[in-house]
Amino acid sequence: MDSTCFFEQLWEQYTAKTPSTAKVKSLFEEKGDTVFNDHIAIRTFNDVRINIDVLAKPFKAMGYEAKGEYHFEKKKLFAKHFEHKTEANAPKFL
């Protein structure tokens, strides 16, 4: 699956659960604005069954690569961000 199709499916699932997001998007588009996702955020737990490395696998298969790591000690948070290797307009994911 290419990343465009993947993110379109994610958007469809998201708007099915939160229909107001589709309405907000349509309001912008009615005014002539272009709406696109420049990034998505995925949250997980540090559990070997569903940690960052597990969730990154399908993205890596679509051409994404890790670009940065972030440590927020006070919040006890570790994060990575990924970007597509060749599709400059593909959303980043965190």
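Residues numbered from 1 in each chain as written. Predicted model: local features only at pLDDT ≥ 70, side-chain atom pairs only at ≥ 80, totals over all residues. Heavy atoms only, no water.

1. Digging into the pairing of strand β3 (residues 77-84)
Working step 1: Bridge analysis of strand β2 (residues 64-72) against β3 gives eight bridges, and the strand direction is antiparallel. Residue pairing in the sheet places G68 in a bridge with H81 of β3.
Working step 2: Here β2 folds back onto β3 in antiparallel fashion, the turn holding four residues, of which K76 has a positive phi close to 55 degrees. (Pairing = 2+ DSSP bridges. Helix = DSSP H or I, 4+ residues; strand = E, 2+ residues; numbered from the N terminus.)

2. With respect to the environment of D33
Working step 1: Mapped onto the elements, D33 comes out in the loop between α2 (19-30) and β1 (39-40).
Working step 2: When the C-alpha atoms of D33 and I50 are compared, they prove to be 37 Å apart, with 17 residues separating the residues in sequence.

3. Overview of the pattern of salt bridges
Working step 1: Using the criterion set out here, one finds four salt bridges in the structure.
Working step 2: Two residues, K25 and E29, come together in a salt bridge whose shortest N-O distance is 3.1 Å. With K25 and E29 both in helix α2 and four residues apart, the pair spans about one turn of that helix.
Working step 3: The class for K25 is partly exposed, based on a relative accessible area of 24%. (Salt bridge = Lys/Arg side-chain N within 4 Å of Asp/Glu carboxyl O. Buried < 20%, exposed > 50% of the residue type's maximum accessible area, 1.4 Å probe, protein only.)

4. Here we look at α2
Working step 1: Along its 12 residues, α2 runs 17 Å from first to last C-alpha, staying within 8% of the 16 Å computed at 1.5 Å per residue.
Working step 2: Two residues or fewer after α2 comes G32, characterised by a positive phi angle close to 95 degrees. (Expected span 1.5 Å × (residues − 1).)

5. Some words on the packing of helix α1 (residues 3-17) against α2
Working step 1: Packing of α1 against α2 leaves a shortest axis separation of 4 Å and a crossing angle of 110 degrees. By the criterion of interaxial angle, the relationship of α1 to α2 is roughly perpendicular. Contacts between α1 and α2 involve W11, Y14, T15, A16 and K17 on the former and, on the latter, P19, T21, A22 and K25.
Working step 2: Here the contact of α1 with α2 is built from residues that sort into five nonpolar, two polar and two charged. (Axes fitted to C-alpha atoms, helices over the stretch in contact; angles between N-to-C directions. Parallel < 35°, antiparallel > 145°, perpendicular 65-115°, else oblique. Contact = heavy atoms within 4.5 Å. Nonpolar A, V, L, I, M, F, W, Y, C, P; charged D, E, K, R; others polar.)

6. Concerning the packing of aromatic side chains
Think of a pair of aromatic rings as described by two things: how far the centres are apart, and how the planes are tilted against each other in angle.
Working step 1: Evaluated as defined, the whole model comprises nine aromatic pairs.
Working step 2: Ring geometry for F6 and F59: centres 5.3 Å apart, planes at 85 degrees, overall edge-to-face. A residue pair is termed long-range when its members are at least 10 positions apart, and F6 in helix α1 and F59 in helix α3 (residues 52-61) qualify at 53 residues.
Working step 3: Seen in terms of ring centroids, W11 and Y14 are 6.1 Å apart; in terms of plane orientation they differ by 40 degrees. Their pairing is tilted. (Phe/Tyr/Trp six-rings, centres within 6.5 Å; stacked < 30°, edge-to-face > 60°.)

7. Regarding the environment of P91
Working step 1: Mapped onto the secondary structure, P91 falls in the loop between β3 and β4 (92-93).
Working step 2: For P91, a relative accessible area of 9% corresponds to the buried category.
Working step 3: Counting along the chain gives 53 residues from P91 to D38, while the straight-line C-alpha distance between them is 4.5 Å.
Working step 4: In this view, P91 contacts F7, N37, D38, H39 and Y64; residues no more than four positions away in its chain are not counted.

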